[in-house]
Structure formats: structure tokens, C-alpha cells
Amino acid sequence: MKKFSYPLLRGIVKLLSLLPFWILYGLADCFFVLIFYLVRYRRKVVRKNLAASFPEKGEKELKKTERQFYRWLCDYGVETIKLLTISDKNLLKRIEFRGVEQLEHCFDQGQDCAAILGHYCNWEWLSATGLAFQRHPDAVMGLIYHPLYSDAFDRLFIDIRSAHGGSCIPKKDILRHLLTLRDKQQHYLFGYISDQAPRWMNIHLWLRFLNQDTPVFSGGERIMRKMKNAVFYVDMERPCRGRYICTFRLISREPWQLDEHAVTMRFFALLEESIRRQPAYYLWTHNRWKRTKEEFDQKYDLVNGRTIPKEPGVYGS
């Protein structure tokens, strides 16, 4: 039965994807009622995250943001499904890419690029960035991802993310893949989603993000420095339902010349600006702050950028 799970799943999702947006958004409205009022999906986590991130906001405003978030989360689901069959032309009517000329200017000068982003707005739609290239249509638009536990869903998301030219590379293979592209003199832009919660042993830095001490994994920055990539922050906005604006904001053309962690710190500062502008569009269901600095300081030391257990044999996940 397992070998038939993927074709069945893809077939169902493709049929849903063929529906027009007005029907899909109607389904999203129904899903909202289900997960918000009946299932109450991760409501405690969302409320805790919002209250800790915006202590200056009153209860009424926080509840309004909470409802807006769940409505957007349902929209995110149907918008992602739609990627499987929407045409390039129609997709580009719904997402506007700004600052792409900066990327192509880097390509003109022989420099490849990295885009650093968070779980904000519909990050899946960024797989269409390559469609906006004018002078370098053959440049690789790459997405670094962590394979899902379910083989069927993993294959489905690869199909969705590659439907408009995106190249999906598992994070464990990314450095080898970039070196191969460099050897082939193939220009590329790879996106790094850098706001995940790292495991204890992968915490390289703590910083203040949304009013909280936040553990940070800086492996993406190390790769960008090693490959001498120009680094851009992906600033997304959602002016209305079904419309996105993606702006590439330069962080540095020479990240290897900056202090260690400078790119990561700048990224989180810019991401916080985006979130505070439209707070409902961040992934608040993610338990981003489940690891505390107090517990980290009790169990680990940071030595030359490496996390070292204070007691032998202590390796938390």
C-alpha cells in the first residue's frame, strides 16, 4: 500500500490545485473554522508566542492578530497547493518581484547569490523567483530543504517547489551542490530559511528576537561566506489576499569581510521589521522558543563557535 500512497496523494492535491482561487479561498475559510474553533490547532503555542513577542499589545489586539494568523495559515495551505498547476503567467500576476536587477547585476560580475528568509508570508511562492530573471534566465533558482519524514509528502513538496523552475536540494548536500555549480560556471540564487529552532548542539549564537532570547543556527552564513556569495534578505509583503510583493534587500556583497555572525544578526533584525509591519503572516504555530538560554547555560558552553556539553555524554536534541 505504501508504494501507492504518493500517486494517490499527488492525484488528490492536483485535483484541488485545478480549482480556481475563489473556490480554494472558500475552502480556506471552511478550514479556518475547523482548525480555529473546533480543532483549536496549537492555539496555546500561538497565544504564548504572540504575548511574549508583543508585550506592549493589549489582549484585544493580540486576539485579533491570532485570528488573522489562522486565516492566513489556511490561505497559505491552498496557495501552496495551487503552485502545482498554476501557469507561470498567472503566478507572476499574483507575486511581484522587486530588486531582481541587483541579483542579475551580481551575475553580470561573476558573483553568485544567496537569499536569506524566514517563515513569513508565503515562502513557497518564492520558488518562482527564477521567472523574474531577464538577462540570466538559465540561472539556477535553488531551495534548501529538510526532507520530511513522510516519503509521500516529501515527494509532493518537491514537486510543488519545482513546478516553476525551483531546484530542491537537501541541506546536507548543499555545499557539495554549490561547488558543482561553481565548477560548471552556472550562476545561482539559493534560498536559506534561517529562523528554525536549532537543536542544542547546533546552537551557535543567542540574540534578542521579538523581545526574547533566541537560539540561532549560523551554518547558512558560513556557507555564504565560504562560497563568497552576495547575500540578500527576502522582504515579503501581502497587500491583499492572493497578492504578494517580494523585495530583495542587499545585506552584503562581501559577507566574508564582515564580523562573524554579522549576516545572521542583520537577518533577524530585518525579519523582525517585516513581522512587526504585518505580524499575522509569521508562522506562530512553530514553537520557536522551546529552548531557553537559562537551560542552555546550565548544560553547555559556546567555545570558538562550537557548543560543548559541560558534562560528558550530555547531547540534547
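Structural data are supplied above this passage.
Residues numbered from 1 in each chain as written. Predicted model: local features only at pLDDT ≥ 70, side-chain atom pairs only at ≥ 80, totals over all residues. Heavy atoms only, no water.

A.B. asks: Which residues make up the pairing of strand E2 (residues 113-117), and what are the values?
C.D. replies: Most of E2 is tucked away: five of the five residues are buried. Neither face of E2 is open: one carries Cys-113, Ala-115 and Leu-117, the other Ala-114 and Ile-116, and all of them are buried. As paired elements, E2 and strand E8 (residues 230-240) share four bridges and run parallel to each other. Bridge pairing links Cys-113 to Ala-230 in E8. (Buried < 20%, exposed > 50% of the residue type's maximum accessible area, 1.4 Å probe, protein only. Helix = DSSP H or I, 4+ residues; strand = E, 2+ residues; numbered from the N terminus. Pairing = 2+ DSSP bridges.)

A.B. asks: Could you give an account of unusual backbone geometry, naming the residues involved and the relevant values?
C.D. replies: For Arg-40, which is not a glycine, the phi torsion comes out positive at approximately 55 degrees. Tracing the backbone through its elements, the reader meets Arg-40 in the loop between helix H2 (21-38) and helix H3 (43-53). When its relative accessible area of 44% is taken as the criterion, Arg-40 is described as partly exposed. The backbone phi angle of Arg-42 is positive, close to 50 degrees, even though this residue is not glycine. Inspection of the secondary structure puts Arg-42 in the loop between H2 and H3. The class of Arg-42 is partly exposed, set by a relative accessible area of 39%.

A.B. asks: Would you mind going over the pattern of salt bridges in detail, with residue names and values included?
C.D. replies: Taken as a whole and judged by the stated rule, the model has 25 salt bridges. Among the salt bridges present, the one from Arg-238 reaches Asp-75, with a minimum N-O distance of 3.1 Å. With Arg-238 in strand E8 and Asp-75 in helix H4 (residues 59-82), this residue pair connects regions lying 163 residues apart in the sequence. In this structure Arg-238 comes out as buried when scored by relative accessible area, which is 5%. Here Arg-238 makes a salt bridge to Glu-79, at a shortest N to O gap of 2.8 Å. With Arg-238 in strand E8 and Glu-79 in helix H4, the pair connects residues that are 159 residues apart, well separated along the chain. The residues Arg-238 and Glu-79 share a single accessibility class, namely buried. Residues joined by salt bridges that share partners form a network here, namely Asp-29, Arg-71, Asp-75, Glu-79, Arg-238 and Arg-241. (Salt bridge = Lys/Arg side-chain N within 4 Å of Asp/Glu carboxyl O.)

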